[in-house]
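This is what each chain is made of:
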Amino acid sequence: MTKIKNSCVLITGGASGIGRIMGRMALEKGARQVVIWDINEQNIATTLADFKKIGAAKGFRVDVSNNESVIAAAEQTKRECGDVDILINCAGIVTGNKTFDKQTLTDIERTMSINAVAPMVVALQFLPDMIVRDRGHICNIASAAGMISNPRMSVYAASKWAVIGWSDSVRIELAERKSNVHVTTVAPYYINTGMFDGVRSRFFPILDPEHTSRKILRAIERNTDFRGIPWSYHFFRLCQGLLPVSWFDTIVGRWLGIYSTMDHFTGRKK
């Protein structure tokens, strides 16, 4: 079991969405300190003001798509906050609902940098120390889109497929060396945080942020290897293995409406 109480919890993208909610919940569970990394300075200030009513919190402006920014922030975090016990890679973006032929190189590079490369670079700053201490936990927030292909989100899906493959590979590496450092990979459906405003889902309801955040923290506490949210979403993975591709496209993609969920996407209003 991983104990959040008395732990230092670092959350990337921690000044908004489920990152912010998980930070608040970690403090409510008795975390020694919550450290938030975010690119939005105003959101950081607002979040810290709220968090400090509950417990100890510190925030850093970090551009996770910039390796030098990540390395510098990691050094400052260790210097000012001590050892990080739990790392939650939560920062992520979606750039729109264009089909792939209309994507730009900037869209591709930015999405892959923030969603796929950044979690690796961030984890690399803290995992070696965790291994030496033989204690720690890394939680990587991927997406259900990292398990099931979906039109109008090809680049986003690619970034999340990458996260799932990398995250679970690291989990196996640690297990093979019998380390007490754990990795949890989380693949949630659409969450109602504003990031996916406009999405329409016929079969599965859009997830509640509070409920989802609670489930993620519970998965960390239980050292769960992989957590799909909702659990019933694993039904789709079973269908992938059992059905011919054309059947899956028809039943899950069209009849259940998964392939049309992004048609009316607008995203968070800036």
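What you see is a predicted model; the values in this text were computed from it and never measured.

1. Side note on the pairing of strand β6 (residues 181–188)
- Counting buried positions along β6 yields seven of eight residues, so the element is predominantly enclosed.
- Note: strand β5 (residues 136–141) against β6, six bridges, orientation parallel. Bridged to H137 within β6 is H182.
- Considered for its hand, the β-α-β crossover made up of β5, helix α5 (residues 154–176) and β6 is right-handed.
- Sheet topology note: the β6/strand β7 (residues 226–229) ladder contains four bridges and is parallel. The residue bridging A187 from the neighbouring strand is G228, located in β7.
- Since β6 and β7 lie parallel, the crossover through helix α6 (residues 209–221) that links them has a hand, and here it is left-handed.

2. Focus: the pairing of strand β1 (residues 8–12)
- With respect to burial, β1 is a largely interior element, five of its five residues being buried.
- Strand direction decides the pairing type here: β1 and strand β2 (residues 33–38), joined by five bridges, are parallel. When the bridges of β2 are listed, V9 appears paired with V34.
- With three bridges joining them, β1 and strand β4 (residues 86–89) adopt parallel strand pairing. Residue pairing for β4: I11 is matched across the bridge by I88.

Rules used throughout
Residues numbered from 1 in each chain as written. Predicted model: local features only at pLDDT ≥ 70, side-chain atom pairs only at ≥ 80, totals over all residues. Heavy atoms only, no water. Buried < 20%, exposed > 50% of the residue type's maximum accessible area, 1.4 Å probe, protein only. Helix = DSSP H or I, 4+ residues; strand = E, 2+ residues; numbered from the N terminus. Pairing = 2+ DSSP bridges. Right-handed = clockwise from strand over helix to strand, strands pointing away.

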